[in-house]
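Each chain is listed here by its residues.
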Amino acid sequence: AQSVTQLGSHVSVSEGALVLLRCNYSSSVPPYLFWYVQYPNQGLQLLLKYTSAATLVKGINGFEAEFKKSETSFHLTKPSAHMSDAAEYFCAVINFGNEKLTFGTGTRLTIIP
Amino acid sequence: SQTIHQWPATLVQPVGSPLSLECTVEGTSNPNLYWYRQAAGRGLQLLFYSVGIGQISSEVPQNLSASRPQDRQFILSSKKLLLSDSGFYLCAWGVGNNSPLHFGNGTRLTVT
């Protein structure tokens with residue numbers, strides 16, 4: 001079954017600095033991958049998705065992610081962090097044929113003023 | 001546009017009491033429906049999913065159950081809550097294969 005691993009349960013960056021949140025996938029076939037964001041006491045909001053089209057995917061709020069098959073990675077980036085980006089971020093992979101989404105354990109992003 | 005409603009937002013229940021959490025989706029037909037639980041520091045755990053009325057797949061054996069009495073209604077239940085049932089419960093919907101899920105705002109359940 002497909003799975004994802006998020007490296008770093010907590011990441012802190014200064015306001016205006018680059019945001020890099022890491023996600024590696026495990027799949028025997030090209031996967032469909034997603035990034036979600038969760039603000040405190042709220043549900044998850046889809047940031048972006050990779051569905052085997054362009055390898056560089058642009059999402060909402062200035063985030064983007066690049067699918068790298070050679071590295072089995074799908075890292076999330078944003079050039080300049082804003083205070084409003086403070087949240088928890090989840091990488092997820094779809095399991096083909098059974099409509100189930102498997103999530104990583106999440107990365108909590110803190111923005112330092 | 002599609003919307004998902006989940007209630008209540010917060011709930012405090014004693015051990016041994018019953019539970020009923022409800023989720024409804026508007027603006028789409030025959031969605032796939034999901035219940036996830038999020039415990040502190042443990043990510044999201046898929047509890048149940050449903051691809052149609054009366055069709056429930058259980059991912060984790062436990063004292064919870066789910067039902068789908070109508071196309072766009074998904075209910076999470078328990079006859080007797082345990083302390084370990086505390087957590088943040090999220091309902092989600094999706095359409096078709098390989099599509100992203102859309103989440104409700106969640107229910108914070110505290111079992112005391």
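Computed from a predicted model, the values in this text were never measured in an experiment.

Participant: Can you walk me through the sheet that holds strand 7 (residues 64-70) of chain B in this structure?
Facilitator: Residues and elements named next belong to chain B. Taken in spatial order, the four strands make up an open sheet running 1-3-8-7, and their pairing is antiparallel. Each edge of the sheet is formed by a strand with only one pairing partner; in this case those strands are strand 1 (3-7) and strand 7. The mean angle between the axes of side-by-side strands here comes to 15 degrees, regardless of whether they run parallel or antiparallel. Where strand 7 meets strand 8 (residues 73-78), five bridges bridge the pair, whose relative direction is antiparallel.

Participant: Please clarify how the pairing of strand 7 (residues 64-68) of chain A should be interpreted in this entry.
Facilitator: Walk down a regular strand and you will see the side chains alternate between the two sheet faces. Residues and elements named next belong to chain A. Taking every second residue as pointing to the same face, the buried face of strand 7 carries Ala65 and Phe67, while none of Glu64, Glu66 and Lys68 on the other face is buried. By the bridge criterion, three bridges tie strand 6 (residues 56-58) to strand 7 in an arrangement that is antiparallel. Following the sheet pairing, Leu56 is matched in strand 7 by Glu66. The hairpin formed by strand 7 and strand 8 (residues 73-78) contains four residues between the paired strands, and Thr72 there has a positive phi angle of roughly 45 degrees.

Participant: Is there a simple way to think about the environment of B:Ala40 in this case?
Facilitator: Residue position: B:Ala40 is located in the loop between strand 4 (32-38) and strand 5 (44-52). Spatially, the C-alpha atom of B:Ala40 lies 7.4 Å from that of B:Gly87, the residues being 47 residues apart in sequence.

Participant: Help me out: how do you make sense of the layout of surface pockets in this one?
Facilitator: Empty space left among the atoms is revealed by rolling a probe the size of a water molecule over them. Space inside the second largest pocket adds up to approximately 210 Å³. Considering the residues around the second largest pocket, the lining is formed by 14 residues, among which A:Leu101, A:Thr102, A:Phe103, B:Leu44 and B:Leu46 are closest to the centre. Those elements that place two or more of their residues in the lining of the second largest pocket are strand 10 (100-103) of chain A together with strand 5 of chain B. The element best represented in the lining of the second largest pocket is strand 10 of chain A, accounting for four residues. Looking at the lining of the second largest pocket residue by residue, the class counts come to five nonpolar, six polar and three charged.

Criteria and thresholds
- Residues numbered from 1 in each chain as written.
- Chains lettered and ligands numbered in written order.
- Predicted model: local features only at pLDDT ≥ 70, side-chain atom pairs only at ≥ 80, totals over all residues.
- Heavy atoms only, no water.
- Pairing = 2+ DSSP bridges.
- Helix = DSSP H or I, 4+ residues; strand = E, 2+ residues; numbered from the N terminus.
- Axes fitted to C-alpha atoms, helices over the stretch in contact; angles between N-to-C directions.
- Buried < 20%, exposed > 50% of the residue type's maximum accessible area, 1.4 Å probe, protein only.
- 1 Å grid on protein atoms, 1.4 Å probe; cavity = no way out; pocket = protein on both sides within 12 Å on 5 of 7 lines; lining within 4 Å.
- Points joined across faces, edges and corners; volume = space filled by probe spheres on them.
- Nonpolar A, V, L, I, M, F, W, Y, C, P; charged D, E, K, R; others polar.

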